[in-house]
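# Understanding the architecture of this molecule
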Amino acid sequence: MTKRRALLRVLGAGVLSAAAWPTRGQQTSKIPRVALLFFGTRARNASYDEPARFRARLSELGYVEGKNVVIEERYAEGNTQRLNELARELVEAKVDVIVASAVAATMAARHATGTIPIGGNVTGTTNITFGGKHVDLIRELIPRVTKLAILNNPTNAGAASYVASVTDAASRSNIGVIVTDVTRAEDFPNAFTTLRNARPDGLVVAVEPLIGAHSAEVIDFAATTRLPAIYDFGEMARRGGFIAYATVYIEHYALAADYVDKILKGAKPGDLPVQQPARFELVINLKTAKALGLTIPQSLLLRADEVIN
């Protein structure tokens, strides 16, 4: 039976898709190899552990690591050059599936294939843009808000739609918006200076792998400048950020496992429908709110999925 190598990607905006390309000849490995390729760091905590969630779902599907599947993890630690090297290594090793977490990781894997065509077989998961919801939450917390800033990586596939969503919602409430971009690690100091000089009433952070890799710096900046910040990634609030509203991103990895299972059993990625994780979460950090001198409305606390005291 001819197997296919497949590439699954989790974009910064939470989009997961899969693309398959034909192998040159027949693969003969007895145990399929699945690689998890991350642009960021190897972060582990009880609430957010992507490989653990991926492994747990594969286990539910009947896979036993080392017996009928091999799972490898690669982390670029936010280094683009290292990411490209890891992608090439995985392609040269001819793993059966690459689950690439981030646009950058996906592009690195695509480039690493050389002349092997990716083709149009694409599927996976997608994510709703919450820009309007984030503006509504900021307005609820800071009724007199007149200016919002967005920290954004324009190279991310979901960046443009997110910025447009925030801008549209803000304009309807006569709120001005400034967009501060980062595309590499070296951009953060200048971005922070720009934000500090702009003196916005609130900050909206479009979290993706680059920004996520520098989450500690972003959270620290918001704290030291006493700038209320809302994030589209629940973990940012758990790590000390003010408030977050987003899909439960960890569920993308459970869905990724479902796709891997189907692909390894012979399904064509192009025949698999795009899905979206069904769970969403509102996370509020009361410790940070207190440090900012803000009082969270009781109505909002009652709506929260998690309140950090």
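Now for a quick tour of the structure. The structure displayed is predicted, hence computed values, not measured ones.

In this section: the packing of helix H4 (residues 131-141) against helix H5 (residues 159-172). The interhelical angle for the contact between H4 and H5, taken along N-to-C directions, is 40°, at an axis separation of 7 Å. Between H4 and H5, the crossing angle belongs to the class labelled oblique. Both H4 and H5 take part in a crossing whose hand is right-handed. Here Gly131, Gly132, His134 and Val135 of H4 come into contact with H5, specifically with Tyr162, Ser165, Val166, Ala169 and Ala170. Its residues assigned to classes, the contact of H4 with H5 shows five nonpolar, four polar and no charged.

Another point: the side chain of aspartate 187. Mapped onto the elements of the fold, aspartate 187 is located in the loop between strand E8 (176-181) and helix H6 (188-198). With near-sequence residues (within four places) excluded, aspartate 187 lies in contact with Asp181 and Val182.

With that out of the way, let us pick up the packing of aromatic side chains. Each aromatic ring pair is characterised by the separation of its centres together with the angle its planes make. One pass over the full model with this rule turns up five aromatic pairs. Taking 6.0 Å as the distance between ring centres and 55° as the angle between the ring planes, the aromatic pair formed by phenylalanine 188 and phenylalanine 192 counts as tilted. With phenylalanine 188 and phenylalanine 192 both in helix H6, this residue pair falls four residues apart, about one helical turn. Judged on exposure class, the residue phenylalanine 188 and its partner phenylalanine 192 are both buried. Ring geometry for phenylalanine 233 versus tyrosine 249: centroids 5.5 Å apart, planes at 85°, classification edge-to-face. Of the two residues, phenylalanine 233 sits in the loop between strand E10 (229-231) and helix H9 (234-238) while tyrosine 249 sits in the loop between strand E11 (243-247) and helix H10 (251-264), which places them 16 residues apart along the sequence. When sorted by exposure, phenylalanine 233 lands in the same class as tyrosine 249, which is buried. Counting every residue linked through ring pairs, the aromatic cluster contains Phe38, Tyr75 and Tyr253. A cation over an aromatic ring shows up here: lysine 133 above the ring of tyrosine 245, its NZ or CZ 5.5 Å from the ring centre.

Read from one edge to the other, the open sheet built from seven strands follows the order E8-E7-E9-E10-E11-E12-E13, with strand pairing classed as mixed. Each having just a single partner strand, E8 and strand E13 (306-308) make up the two edges of the open sheet. Averaged over neighbouring strand pairs, the angle between their axes works out to 20° when direction is ignored. Across two bridges, E10 lies against E11 in parallel orientation. Within E11, the residue paired with tyrosine 231 across the bridge is alanine 244. Packed onto the sheet, H5 meets strand E7 (147-152), E8 and strand E9 (202-205) and runs at close to 175° relative to E7. In the packing of helix H8 (residues 215-224) onto the sheet, contacts are made with E7, E9 and E10, and the angle to E10 comes to roughly 155°.

By size, the foremost hydrophobic cluster in this structure holds 60 residues, and its most contacted members are Phe54, Val205 and Tyr231. Among residues more than four places away in sequence, those in contact with tyrosine 231 are His134, Val205, Val207, Val218, Ile219, Ala222, Met236, Gly241, Phe242, Ile243, Ala244 and Tyr245. With 29 residues, the next largest nonpolar core counts Ile142, Ile230, Phe242 and Ile296 among its residues.

Mapped onto the elements, threonine 180 comes out in strand E8. Judged by its relative accessible area of 6%, threonine 180 is buried. With near-sequence residues (within four places) excluded, threonine 180 lies in contact with Ile150, Leu151, Asn152, Ala191, Thr194 and Leu195.

Moving on, we come to the environment of alanine 223. Among the structural elements, alanine 223 can be located in helix H8. Exposure remark for alanine 223: the relative accessible area of 46% places this residue in the partly exposed category. With 69 residues separating them along the chain, alanine 223 and leucine 292 place their C-alpha atoms 7.5 Å apart.

Close approach of charged atoms allows side chains with opposite charge to pair. A full pass over the atoms with the stated rule returns 16 salt bridges. Across the salt bridge formed by arginine 55 and glutamate 65, the nearest N and O atoms sit 2.8 Å from each other. Of this pair, arginine 55 sits in helix H1 (residues 50-60) while glutamate 65 sits in the loop between H1 and strand E4 (70-75), placing them 10 residues apart in sequence. One continuous salt-bridge network, built from bridges that share partners, spans Glu235, Arg238, Glu281 and Glu306.

To continue, consider unusual backbone geometry. The phi dihedral of lysine 94 is positive, around 55°, even though this residue is not glycine. Within the fold, lysine 94 resides in the loop between helix H2 (80-92) and strand E5 (97-101). We note that arginine 226 has phi near 50°; this positive angle belongs to a residue other than glycine. Residue placement: arginine 226 occurs in the loop between H8 and E10.

In terms of burial, strand E3 (residues 33-38) is a largely internal element, five of the six residues being buried. Pairing geometry for E3 and E4, over six bridges, is parallel. Paired with leucine 37 across the bridge in E4 is arginine 74. As paired strands, E3 and E5 are joined by five bridges and run parallel to one another. Pairing of leucine 36 across the sheet is with valine 99, part of E5.

How each quantity is defined
- Residues numbered from 1 in each chain as written.
- Predicted model: local features only at pLDDT ≥ 70, side-chain atom pairs only at ≥ 80, totals over all residues.
- Heavy atoms only, no water.
- Axes fitted to C-alpha atoms, helices over the stretch in contact; angles between N-to-C directions.
- Helix = DSSP H or I, 4+ residues; strand = E, 2+ residues; numbered from the N terminus.
- Parallel < 35°, antiparallel > 145°, perpendicular 65-115°, else oblique.
- Left-handed = near helix turned anticlockwise from the far one by under 90°.
- Contact = heavy atoms within 4.5 Å.
- Nonpolar A, V, L, I, M, F, W, Y, C, P; charged D, E, K, R; others polar.
- Phe/Tyr/Trp six-rings, centres within 6.5 Å; stacked < 30°, edge-to-face > 60°.
- Buried < 20%, exposed > 50% of the residue type's maximum accessible area, 1.4 Å probe, protein only.
- Lys NZ or Arg CZ within 6 Å of the ring centre and 35° of its normal.
- Pairing = 2+ DSSP bridges.
- Core = buried A, V, L, I, M, F, W, Y, C linked by side-chain atoms within 4.5 Å.
- Salt bridge = Lys/Arg side-chain N within 4 Å of Asp/Glu carboxyl O.

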